Structures are given as structure tokens and as C-alpha cells.
Amino acid sequence: MADVSQNIRRQRIMLKMSQTQLAEKLSVTRQTVSSWERGNSYPDVVMLEALASALETDVNSLIYPSQVKKGGRIKSQPLGGGFVVKSLFVYILLLILGAGPAIQFFKAVCGGGIAQEYIYFVCWGVVLMVGYIAVCVCTITEYFAGYYQYGDEE
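Rules used throughout
Residues numbered from 1 in each chain as written. Predicted model: local features only at pLDDT ≥ 70, side-chain atom pairs only at ≥ 80, totals over all residues. Heavy atoms only, no water. Axes fitted to C-alpha atoms, helices over the stretch in contact; angles between N-to-C directions. Helix = DSSP H or I, 4+ residues; strand = E, 2+ residues; numbered from the N terminus. Parallel < 35°, antiparallel > 145°, perpendicular 65-115°, else oblique. Left-handed = near helix turned anticlockwise from the far one by under 90°. Contact = heavy atoms within 4.5 Å. Nonpolar A, V, L, I, M, F, W, Y, C, P; charged D, E, K, R; others polar. Core = buried A, V, L, I, M, F, W, Y, C linked by side-chain atoms within 4.5 Å. Buried < 20%, exposed > 50% of the residue type's maximum accessible area, 1.4 Å probe, protein only. Salt bridge = Lys/Arg side-chain N within 4 Å of Asp/Glu carboxyl O. Arc of directions from axis to C-beta.

### Details of the packing of helix α2 (residues 19–26) against helix α3 (residues 30–38)
And then number 1: Between α2 and α3, the least distance of the axes is 8 Å, while the angle of their chain directions is 110 degrees. On the basis of their axis angle, the class for α2 and α3 is roughly perpendicular. Here α2 and α3 pass one another in a crossing that is right-handed. Listed contacts from α3 to Gln-19, Thr-20, Leu-22, Ala-23 and Leu-26 of α2 are Arg-30, Val-33, Ser-34, Trp-36 and Glu-37.
And then number 2: A per-class count over the contact of α2 with α3 returns 5 nonpolar, 3 polar and 2 charged.

The structure is reproduced here in C-alpha cells:
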């Protein structure tokens, strides 16, 4: 049932509507809307129909898990196991294919003063890992930004 709470909030925010404005449309209190969005209570069937109408959507989109449309396809899980496998594959590919130019770059930067050649490869791996972590953090942050970008009265 947590999906109902999230879907009500997401749809209200998408319409740039406050809890108070939605409450007035439905002839309920703002606290009732807040309670629905926090998952403390849920609207009954009749209220769901009125709520869907007020939020310019249908009842199914309020009840069922949200669907994220990305690249023409509808996915319910934007970050699945496929994302992890593909991104690790790209990381390893870049690590191997970029090693030659990267080693030459690090030699030039260090002036060739490091006797152990593998240190340059390790430096390249660290640089790639930092980039990989940054991409993952940005992807996860973008996913959750929709939930937390708007402050609202509770």
C-alpha cells in the first residue's frame, strides 16, 4: 500500500499542487491528505475515484506501482541488476583498453620516476573507480531527486 502514498504525493507534486489545494478540491482537511501521503491512512474506494479526478489521472495509476518511462520503454525498476552488470563491464573494458594511453600519461606526469610499472596501472584503475562511483552516485541521486526536491507541509 506504500505505492498509493507515493503515487498520490508524486502526482500532486507533478501538478504543482499543495496539500491544502488538493484537500479543498476533495472537501477534506489538509491533515487527511498528509496522512494519505505518509501512509498512516488510505482513501476509501469512493474517495480514490474523486482523488484520481482531482489529480487528473486514473485510479489504477494511484493504486499500482509507478511506471517509469525511459527510452520509449516502461520499466518499473529503473536501477536493476542489468545496470550493475553493464556498468561493471564498461568499467573493466575501459580499464583494459585505456591502460596503454593512461600508463603513458601517468609516466609523463610523474616524470617516469616510478620503477614499478604496475603502479601506473593501479593509478589508472583508481581514476576509473572514482569516475564509476561518481556515475553511480549521480544516477541514484537523479532517481531519488523526485521524492525529495519539494518541501511540503506535513
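### Observations regarding the nonpolar core
And then number 1: Ile-8, Leu-22, Leu-26, Trp-36, Leu-51, Leu-55 and Leu-62 are the most contacted members of the largest nonpolar core, which totals 15 residues.
And then number 2: Broken down by secondary-structure element, the contributors of at least two residues to this core are α1 (2–14), α2, α3 and α4 (45–54).
And then number 3: Per-element accounting of this core gives the leading share, 5 residues, to α4.
And then number 4: Excluding residues that lie within four positions of it along the chain, Ile-8 makes contacts with Trp-36, Glu-37, Pro-43, Leu-51, Leu-55 and Leu-62.
And then number 5: Tyr-91, Ile-103, Phe-106 and Leu-128 belong to the second-largest nonpolar core, a separate cluster that totals 11 residues.

### Here's the deal with the pattern of salt bridges
And then number 1: Using the criterion set out here, one finds 2 salt bridges in the structure.
And then number 2: The salt bridge partner of Glu-37 is Arg-9, with a shortest N-O separation of 3.8 Å. Of this pair, Glu-37 sits in helix α3 while Arg-9 sits in helix α1, and the two are 28 residues apart along the sequence.
And then number 3: Owing to a relative accessible area of 11%, Glu-37 belongs among the buried residues under this scheme.
And then number 4: In this structure, the salt-bridge partner of Arg-12 is Glu-37, at a minimum N-O distance of 2.5 Å.

### Considerations on α4
Residues spaced three or four apart along an α-helix face the same direction, because each turn holds 3.6 residues.
And then number 1: For α4, the set of buried residues is Met-47, Leu-48, Leu-51, Ala-52 and Ala-54. Angular distribution of buried residues about the axis of α4 spans 160 degrees; they occupy a single face of the element. Away from the buried face of α4 by more than 90 degrees, exposed residues Val-45, Val-46, Glu-49 and Ser-53 are located.
And then number 2: Once α4 ends, the next one or two residues include Glu-56, with phi positive near 55 degrees.

Everything listed here is a matter of geometry and, on its own, says nothing about what the molecule does.
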